[in-house]
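One-letter residues, chain by chain:
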Amino acid sequence: MTSPDPPIRVDVPRTPPVLFTVLSALFQVLLAVSIGLFGVVLVVPGHSFPGFHDLSNYTQLFTSAMVTIACAYAYARWSRDVLLLHAGFAAGGWTLANAFWYSYTLIIGTSLPYPTVADAGFIGVFPFLIAGYQEVFARNRFPSWIGLLVLCPLAAGALWLMADLGVTPATLLTLLFFLLCGSLVVVSLLYSVYLYRVLFLGTLAISLTHLLNAYRSTVLEPHWLFGIVGPLAAISFALLGIGLLVRTKEALQ
Amino acid sequence: MILEFYLAASLPLFFLLVFLEGEQRRILSFLVWGLSAGAIAYYINYQLYLLFASTAVVPEVTIAPIVEEILKALPLFVLLLVFGRQYSRELLVLAMASGFGFAILENYVFITHYELAGIGSIVYVVMRGITTSVMHGCMTAIIGYGIFLTYGFSRRSLPAILFGLLTVAITVHALFNLLIGHTGFGKLLAIDLPLLLFVLLLVVYNREVLFPAPPELIS
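Quantities reported herein were computed from a predicted structural model and do not represent experimental measurements. (Residues numbered from 1 in each chain as written. Chains lettered and ligands numbered in written order. Predicted model: local features only at pLDDT ≥ 70, side-chain atom pairs only at ≥ 80, totals over all residues.)

1. Overview of the overall build of chain B
Link 1 in the chain: When helices and strands are tallied, chain B shows ten helices and zero strands.
Link 2 in the chain: Relative to its length of 219 residues, chain B is compact, with a C-alpha radius of gyration of 18 Å against a globular reference of 17 Å.
Link 3 in the chain: Principal-axis analysis of the C-alpha atoms gives chain B an extent of 55 × 45 × 35 Å.
Link 4 in the chain: A burial count over chain B gives 38% of its 219 residues as buried.
Link 5 in the chain: By sequence separation, contacts in chain B at least 24 residues apart represent 77% of the contacts at least 6 residues apart. (Helix = DSSP H or I, 4+ residues; strand = E, 2+ residues; numbered from the N terminus. Rg over C-alpha atoms; globule rule 2.2 N^0.38 Å. Buried ≥ 20, exposed ≤ 12 C-beta atoms within 10 Å, placed from the backbone. Contact = placed C-beta atoms within 7 Å.)

2. Here we look at the environment of Leu179 of chain B
Link 1 in the chain: With respect to the secondary-structure elements, Leu179 of chain B resides in helix 8 (residues 157–182).
Link 2 in the chain: Each C-alpha atom of the pair Leu179 of chain B and Phe148 of chain B lies 30 Å from the other, and the pair is 31 residues apart in sequence.
Link 3 in the chain: Once residues lying within four places of it in the same chain are set aside, the contact partners of Leu179 of chain B are Ser103 of chain A together with Gly186, Lys187, Leu189 and Ala190 of chain B.

3. Looking at the interface of chain B and chain A
Link 1 in the chain: With 31 residues of chain B at the contact, the number on the chain A side is 32 residues.
Link 2 in the chain: Elements represented by at least two residues in the side of chain B that touches chain A include exactly helix 4 (64–83) and helix 8 of chain B.
Link 3 in the chain: Here the side of chain B that touches chain A takes 15 residues from helix 8 of chain B, the largest share from any one element.
Link 4 in the chain: Residue classes in the side of chain B that touches chain A are distributed as 21 nonpolar, nine polar and one charged. (Nonpolar A, V, L, I, M, F, W, Y, C, P; charged D, E, K, R; others polar.)

In structure tokens, the structure reads:
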């Protein structure tokens, strides 16, 4: 008597949950809105419209808050990807910092000095993402000196600002921002984050956002073009949200 | 009087420490550190307030959170350096003890400063007890629980994550100080914020019991 054949196991990719699809769609809508706001700065005469700054701020806050919520939920229910934890903390800290900045401007009435507590929250994004990428992605074969190609020009730019405006807390913080933005880009290159294109784009966008913001906060009379910083922040988080969901979808399937 | 109160409150606790062991001793040590951090922060903040008195800086919103959160979380960083990464979720409780110790001393500072009397002083103290004190405990607990979450991560990630957690605590603290001290309606939000955080921390502390992970969860 022969034993019955073992049942054949077929791995069928699981359909992503409905909430997953809803979140993906939401981030795409937020991305579209943010790109629209970005376009307003570039195209519309006066580079703004009534209520533009409020809309821009609310979009940034909502997008980064949604990334936090999406990361927390995805980590708890769908995938134990530690990058979700890192990104959740990064986006959460950024949301709080931006909420603080916006509240301060509304409540105290004067523009927030630079540097200040809000910048601590903005800076917090970088260590979380850098640590997350190093934790999750494997180091590729690119030589480490490639990092110097990114970091040296950025450091030179910050030092030029320092030479022009003096060694002040503002210029020192700008140097720190420049180095952190550069480090994030370098880590995402050395750890092949670019394999996830949307995530990589989000990473580049968030670095560019903070480079521009640091420069804008340091110089006394920034060019109107720096109005893109707000919408660019929202674009960054929408891209990060989509990119992280792409990773989660792979894990689900 | 701050130094006197600090000594009066902490010296008896040192004697109690001698009799305690294990987890109890660690928790009380963190509470005593919190009291010490409160005293140190008082003197540092005072000097910084004088330094920025003539500027547009709002010290209680933009300076105090940085000083206070760094001081309260200091023993957590020392613990990691000295004992390595041998910790459990107890870290949340230890961190919270440090925050509450800090709050005890700060409450004393405020009560003596305002010289309240009668029912008003009771109401004030109760309000501080369920808002600012809980906020101090929760902010440090966020850092403690965050460190616990990093268990199993590579060692090189740790400094970055610690710094990141500290920035989160500082920002929430600053937001709380801004809302509670400078707004009307925003005060309501500020009063709710610490209690909300406390419940959230209670949930995540017990999350394995409350929300067991789905069996099919990919690790």
